[in-house]
Amino acid sequence: MSSVPTDLFPLPIVQAPMAGGVAVPQLAAAVSEAGGLGFLAAGYKTADGMYQEIKQLRGLTARPFGVNLFLPQPETADPAAVDVYAHQLAGEASWYETELGDPDSGRDDGYETKLAVLLDNPVPVVSFHFGVPAREVLDSLRRVGTFTLVTATTAEEARAVERAGADAVIAQGIEAGGHQGTHRDVPETAGSGLGVLSLVAQVREAVGIPVIAAGGIMRGGQIAAVLAAGAAAAQLGTAFLAAHESGANALHKQALTSPLYVRTELTRAFSGRPARALVNRFVREHGPYAPAAYPDVHHLTAPLRKAAAKAGDPQGLALWAGQGHRMARELPAGQLVEVLAAELAAARTSLSAGGAR
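Cut-offs applied
Residues numbered from 1 in each chain as written. Predicted model: local features only at pLDDT ≥ 70, side-chain atom pairs only at ≥ 80, totals over all residues. Heavy atoms only, no water. Helix = DSSP H or I, 4+ residues; strand = E, 2+ residues; numbered from the N terminus. Rg over C-alpha atoms; globule rule 2.2 N^0.38 Å. Buried < 20%, exposed > 50% of the residue type's maximum accessible area, 1.4 Å probe, protein only. Contact = heavy atoms within 4.5 Å. Areas by Shrake-Rupley, 256 points an atom, 1.4 Å probe, with all protein chains shown as cover. Pairing = 2+ DSSP bridges. Axes fitted to C-alpha atoms, helices over the stretch in contact; angles between N-to-C directions. Core = buried A, V, L, I, M, F, W, Y, C linked by side-chain atoms within 4.5 Å. Parallel < 35°, antiparallel > 145°, perpendicular 65-115°, else oblique. Left-handed = near helix turned anticlockwise from the far one by under 90°. Nonpolar A, V, L, I, M, F, W, Y, C, P; charged D, E, K, R; others polar. 1 Å grid on protein atoms, 1.4 Å probe; cavity = no way out; pocket = protein on both sides within 12 Å on 5 of 7 lines; lining within 4 Å. Points joined across faces, edges and corners; volume = space filled by probe spheres on them.

Considering the overall build of the chain
(1) Moving on: The helix and strand inventory of the chain stands at 14 helices and 11 strands.
(2) Moving on: Its C-alpha atoms give the chain a radius of gyration of 19 Å, near enough to 21 Å, the size a compact globule of 357 residues would have.
(3) Moving on: Projecting the C-alpha coordinates of the chain onto the three principal axes gives extents of approximately 65 × 45 × 40 Å.
(4) Moving on: Evaluated residue by residue, the chain yields a buried proportion of 57% over its 357 residues.
(5) Moving on: In the chain, the share of contacts with a sequence separation of at least 24, taken over all contacts with a separation of at least 6, comes to 70%.
(6) Moving on: Surface summary for the chain: the accessible area is close to 14,500 Å², and the carbon and sulfur share equals 53%.

Topic: the sheet that holds strand 10 (residues 264-267)
(1) Moving on: Spatially, 3 strands are ordered 7-11-10 in an open sheet, and the strand pairing comes out antiparallel. Bordering the open sheet on either side are strand 7 (178-179) and strand 10, each of which pairs with just one other strand.
(2) Moving on: Judged from the 2 bridges that link them, strand 7 and strand 11 (residues 275-278) form a sheet pairing that is antiparallel. Each residue of the ladder has a partner; that of Gly178, found in strand 11, is Arg276.

Remarks on the sheet that holds strand 3 (residues 65-70)
(1) Moving on: Within the open sheet, the 8 strands sit side by side as 1-9-8-6-5-4-3-2. Their pairing is parallel. Where the open sheet ends on each side, the last strands, each with one partner, are strand 1 (13-15) and strand 2 (38-41). Sheet twist, expressed as the mean angle between neighbouring strand axes with direction ignored, is 25°.
(2) Moving on: Of the strand pairs in this sheet, strand 8 (residues 211-214) and strand 9 (residues 233-236) are connected by 3 bridges, and their pairing is parallel. Pairing of Ala213 across the sheet is with Ala234, part of strand 9.
(3) Moving on: Helix 2 (residues 47-60) contacts strand 2 and strand 3 of the sheet and is inclined by roughly 170° relative to strand 3.
(4) Moving on: Of the strands in this sheet, strand 5 (147-152) and strand 6 (168-172) touch helix 7 (residues 155-164), which is tilted by about 155° from strand 5.

Here we look at the nonpolar core
(1) Moving on: Grouped together as the largest cluster of nonpolar side chains are 96 residues, with contacts concentrated most on Val67, Leu69, Phe128, Val169, Ile223, Leu236 and Phe240.
(2) Moving on: Of the residues forming this core, the biggest block, 6 residues, is contributed by helix 14 (residues 333-356).
(3) Moving on: Non-local contacts of Leu236, meaning those with residues more than four positions away in its chain, are made with Ile13, Val14, Gln15, Ala16, Ile217, Met218, Ile223 and Leu340.
(4) Moving on: Phe147, Ala168, Ile212 and Ala214 belong to the second largest nonpolar core, which has 14 residues in total.

What about the packing of helix 3 (residues 79-88) against helix 13 (residues 296-311)?
(1) Moving on: Packing of helix 3 against helix 13 leaves a shortest axis separation of 11 Å and a crossing angle of 20°. Our classification of the angle between helix 3 and helix 13 gives roughly parallel. Classified by chirality, the crossing of helix 13 by helix 3 is right-handed. Two secondary-structure elements touch here, helix 3 through Val82, Tyr85 and Ala86 and helix 13 through Asp296, Val297 and Leu300.
(2) Moving on: Partitioning the contact of helix 3 with helix 13 into residue classes produces 5 nonpolar, no polar and 1 charged.

Description of the layout of surface pockets
(1) Moving on: Of the voids in this model, the largest pocket is the one considered here, and its volume is about 1,000 Å³.
(2) Moving on: As for the largest pocket, its lining consists of 47 residues, of which Met18, Ala19, Val22, Gly178 and Trp320 are closest to the centre.
(3) Moving on: The greatest single-element share of the lining of the largest pocket, amounting to 5 residues, is contributed by helix 13.
(4) Moving on: Looking at the lining of the largest pocket residue by residue, the classes come out as 23 nonpolar, 21 polar and 3 charged.
(5) Moving on: Computed from the structure, the second largest pocket encloses a volume of approximately 500 Å³.
(6) Moving on: Contributing to the lining of the second largest pocket are 24 residues, with Thr153, Thr154, Glu157, Thr182 and Thr189 lying nearest its centre.
(7) Moving on: Sorting elements by how many residues they give to the lining of the second largest pocket places helix 7 first, with 4 residues.

Considerations on the environment of Leu251
(1) Moving on: For Leu251, the location among the structural elements is in helix 11 (residues 250-255).
(2) Moving on: Put simply, Leu251 and Leu317 are 66 residues apart on the chain and 8.8 Å apart in space, counted from C-alpha to C-alpha.
(3) Moving on: Not counting the four nearest positions on each side in its chain, Leu251 is found in contact with Gly312, Asp313, Pro314 and Leu317.

Spelled out as structure tokens, the structure:
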């Protein structure tokens, strides 16, 4: 089993590329400087916005880092279902004194333009979410020296990632916060994903490229567990959400450990695609009725989420969080990487000692 290049990140710790303003350059730089792999999220940004953040990050660290792209989505949404959902959200728009967004605001997230920027100005790592890029895309990135990662949620998806020519696969378990990176959004199978340990074991047997484990990982001992299951590294999102450098809304950070939020669930309420969030009023009231319509619903609810943040109302925010959210620690990101590395070393020592008995 090959592994990720240790010159990219000496510690097997990857900071997840959380979109929506969380994975800012300061966070990515702190993680990379500490020996992990920091990531920028290009999702929901313009190509120029992505480029400006890359420039800023390069001014903060000389260490390798990654940039994440969303794959363009097919037009599979039922416009009538989106209209019905818009009518249901009319009360929210009135409450927050705003208008609903235009569900037809675009499906490709500026994908081709962002790719062109990343080929003209190569970065060390590029990862992809919501599908598998074309082989020529992965080949072109490899030619400019970029290491490529693609998310998969099943062994079958991981095989597709390997066939396309990616350098490594991110095996995302059902515990993960935020959007599930399924290659196709099939409502009948939503919520039926595997836990990260089972998924890593299956993907490890299905492909020969390195596997990076993602999903609910908050402690160094959990990193040791996924490494023992066959992963080459672990990707952590919620663990870094509460970090000092995280760009997450303060209400979002506070909610991670607040007793008001007792559980998470996969919901389409905010975006039209399954994404794990803390259960708040918006999820309870609208989750059961949200259609499978991404990014239509994302565009529709964007002004509501912005207005809720402005009003200081966490009940209207998309409080993305993994199942381990209560274990979040408010630390500087570099210190968190150091703590995770120490916990990982301790867990490995414990495992070695146990095996020597």
